[in-house]
Structure formats: structure tokens, C-alpha cells
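Structural description and commentary
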Amino acid sequence: MRQIVSQTDDTVINVDKLTYAGNLESLADTRNHPRHTFCRADICDGNAIGALLAEHQPTAIIHLAAESHVDRSIDGPGEFVRTNMVGTYTMLDEARRYWATLPMARRDSFRFIHVSTDEVFGSLSDEGRFTESTPYAPTSPYSASKAGSDHLVRAWEHTYGLPAIITNCSNNYGPYQFPEKLIPLTICKALRGEVLPIFGRGENVRDWLYVDDHARALRLVCDKGVPGETYNIGGQNERQNIEVVRMICSQLDSICPDPSGPRDRLINFVADRPGHDYRYAIDPTKIGEQLGWYPQENFESGLRRTVDWYIQNTEWVGRVTSGAYLGERLGAPDENFKK
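Below is a summary of the structure that appears in this document. (Residues numbered from 1 in each chain as written. Predicted model: local features only at pLDDT ≥ 70, side-chain atom pairs only at ≥ 80, totals over all residues. Heavy atoms only, no water.)

As for helix 9 (residues 241-255)
For helix 9, spanning 15 residues, the distance from its first C-alpha to its last is 21 Å, which sits close to the expected 21 Å at 1.5 Å a residue. Those residues of helix 9 hidden inside the fold are in contact with helix 7 (182-191), strand 7 (196-199), strand 8 (205-210), strand 10 (238-240), strand 11 (267-270) and helix 11 (299-312). (Helix = DSSP H or I, 4+ residues; strand = E, 2+ residues; numbered from the N terminus. Expected span 1.5 Å × (residues − 1). Contact = heavy atoms within 4.5 Å.)

The structure is reproduced here in C-alpha cells:
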């Protein structure tokens, strides 16, 4: 959204339900921009979505709305099924109705971009990377709900001809990320001198994608992507979770040393997440060769930009987390859980 209003002449209609992770504080720099309109709506509300489409007449829909935190999906899978599957169905069907009313030239140029995750492919061993043809093998309630939504998109494209495209991305990080995910949560806890919990031994591997690189990729897919195709978007920055946490501690120590000592002293290994996938890694060859997208940020520089942003925006963190989420562990193993 920020890239679109700052780097193009396009208008953005920003639709958000404003759940626990959504906050108007995050729109401070664009809220009043003349080419940005915020609309509060639930993607499961077909009447509301249909009315917004009729009023604003978009040329494309980039569907990013989702429940996305694996730990929360373990504690409460129902909301993930509702938002990620029922919500995607609602968006698809209202988009199809709207698209069918457009003149032929506008129908041909219309795009529905469905933003998904690499987690739908399941877990990798030490070798290999996910490609667009990797079979689906989701293992968590979150990834299963996203896999289901991907299948719905393919069905609407194949059956109804809706010009839809799917993207599957690796782990995002960067400014404005709600501090429940690994990187912002670690930064915020380390700044406060709190214990830094690490699942298992921290050996699980993720491929990290800086948010601005992802935004550029989605804009390219919207402009140049082929309906019916899937594009994998990855930062090619694989790191073990423990390595990420230690890098954050090191960067914070160099920027604002803690009088009590190096922050890696705060690391505490805790019982692993149930069904924790070992490794994710994206092969972004297709989007590079066909659309010309390549990540511009390496993990070291992207992480430094992210750490700097959270240091400079501690008041934002306090406002968006006031009461809704206090950094407690989610997705803890149930004592009755049997694998």
C-alpha cells in the first residue's frame, strides 16, 4: 500500500476488519493521502464486500487478509478456517459477481491476486526448495486453512474463468509487523530485558523475505502475472531460529547496550510447538525469470533496518499491543497431546 501511493498514480482502497493485529496506528503515514481510502469490513461479509466493489470499481484485488500466526491456530483453529477459507470464498464469489458486470476490456485486464504461504507445502529436510509444482502437504491448522484457500482460488479460476493468480511467500519481516511473530517479538522482549523463549533447540529453518521486497513482487504479479499461474516469492535468506535471535541480540547490543550484559543471556529454550515443521525454503526462479523480480534486501541489512525501526517506534508497539497481546506464549503443547 505504501509503495503504491508513493511510487505510482494508482488509488488504494484498503479493507481491514481491524482485529487484534490490525490498528489504524499503522496507517499514520498514509491515512490521509488523497489516493488512499480506508474501509472497515469483514471479508466474510459478502454484502459489505459486494457493496465496496460496486462503489469503488477496482481494476485489481490483492487479497492479503488472513489469520496467519501458527501458534494461534493451534489454540483456536476455528477462526483460521472462518477467515482463511470462508473469507477467501466470500472474496472470490463477490469478485466473480463484480467481474462479470465489467465491460469486456476491463474484464480482460482485471486481476485477483491471492497471497498465500510456503507453509502449504509442508516441511523440508536439509535439502531442496519448494517450487510451484511441489505437492501440498500442510501440517498445522494455519497451513491447512491456507492450502484450502489456494484450492478455492484455483477452482474459481478454472471453473468460472476469474483471472486469478496465487503467490506463495516465505516468512515476512520488517516495520509495522504485529509483535507476535519471531523477529518483532524478540526485538521487543530483548529491549525490555525479558526472557527470549525459543522452541526446542532453535534449529528450525525459515527463509526470510523483507516486506518491501514482497510488496514489489506483488505489484509485479498484479501488473505482469499470468492468470491461472502461481509464483513463489522467497528472500533466499535461510536461517535457523536460534541464529535469527542471536543476530537480533547482537545488533541491539551494538546499538543500545544493556548494562546487565549481552542480551543473548536472555535466551531460554522451551518445549517445542506441536507438529513444528523443520525447514521451509522457497525457489523463486520462476518469478525472477518470467517477471524480473529479485529481492533487493539481504537478511543482515533487512534485519538492521527492522531493528532500527522498532527501536525508534516503541510507542507504536505499546499502542498496538495494549491489552490485546502481551507477548505470552501461544500454541503451547497440551499435556494431553499425543503425537
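There's more to say after this.
Some words on the pattern of salt bridges
Pairing between side chains becomes possible if they bear opposite charge and their charged atoms approach one another. Tallied over the full model, the rule gives 23 salt bridges. With a shortest N-O distance of 3.1 Å, Asp93 and Arg96 are connected by a salt bridge. Placement of both Asp93 and Arg96 in helix 4 (residues 77-100) is noted, with a separation of three residues, approximately one turn of the helix. One salt bridge connects Asp253 with Arg263, and the closest N-O pair in it is separated by 3.1 Å. Taken together, the residues span a long stretch of sequence, with Asp253 in helix 9 and Arg263 in the loop between helix 9 and strand 11 at a distance of ten residues. What makes Asp253 partly exposed here is its relative accessible area of 22%. Judged by relative accessible area, Arg263 falls into the buried class, the value being 4%. One network of salt bridges, in which partners are shared, links Lys17, Asp42, Glu79 and Arg82. (Salt bridge = Lys/Arg side-chain N within 4 Å of Asp/Glu carboxyl O. Buried < 20%, exposed > 50% of the residue type's maximum accessible area, 1.4 Å probe, protein only.)

Overview of the pairing of strand 8
Burial within strand 8 is extensive, with six of its six residues counted as buried. Of the two faces of strand 8, the one lined by Val205, Asp207 and Leu209 and the one lined by Arg206, Trp208 and Tyr210 are each fully buried. Relative to strand 8, strand 6 (residues 171-173) is paired through three bridges, and the arrangement is parallel. Considered in strand 8, the bridge of Tyr173 is made with Tyr210. Bridge analysis of strand 8 against strand 10 gives three bridges, and the strand direction is antiparallel. Residue pairing across strands places Arg206 opposite Arg239, the latter belonging to strand 10. (Pairing = 2+ DSSP bridges.)

A closer look at the sheet that holds strand 10
Read from one edge of the open sheet, three strands run 6-8-10, paired in mixed fashion. Strand pairing shows two members of the sheet lacking a second neighbour, strand 6 and strand 10, which therefore form its edges. Shown here is a sheet whose adjacent strand axes are inclined to one another by a mean of 50°, direction ignored. (Axes fitted to C-alpha atoms, helices over the stretch in contact; angles between N-to-C directions.)

Section: the packing of aromatic side chains
The tally for this structure, following the rule as stated, stands at 17 aromatic pairs. Note on Trp309 and Trp316: the rings are 5.1 Å apart at their centroids and 75° apart in plane angle, and the pair reads as edge-to-face. Both residues of the pair, Trp309 and Trp316, count as buried. When the centroid spacing of 6.3 Å and the interplanar angle of 70° are considered together, the rings of Tyr310 and Trp316 count as edge-to-face. Of the two residues, Tyr310 and Trp316, neither departs from the other in class, the shared state being buried. Its end group placed over the ring of Tyr20, Arg72 keeps NZ or CZ at 3.7 Å from the ring centre. When the ring centre of Tyr231 is taken as origin, the NZ or CZ atom of Lys286, which lies over that ring, is 4.9 Å away. (Phe/Tyr/Trp six-rings, centres within 6.5 Å; stacked < 30°, edge-to-face > 60°. Lys NZ or Arg CZ within 6 Å of the ring centre and 35° of its normal.)

Observations regarding the sheet that holds strand 3 (residues 60-63)
With respect to topology, four strands assemble into an open sheet ordered 3-4-5-9, the strand pairing being parallel. The open sheet is flanked by strand 3 and strand 9 (230-233), the only strands paired with a single partner. The mean inter-strand angle of the sheet, taken between neighbouring strand axes irrespective of direction, is 20°. With four bridges joining them, strand 5 (residues 164-169) and strand 9 adopt parallel strand pairing. In the sheet register, Asn168 faces strand 9, and the bridge partner there is Asn232.

The analysis is restricted to geometry; functional conclusions fall outside its scope.
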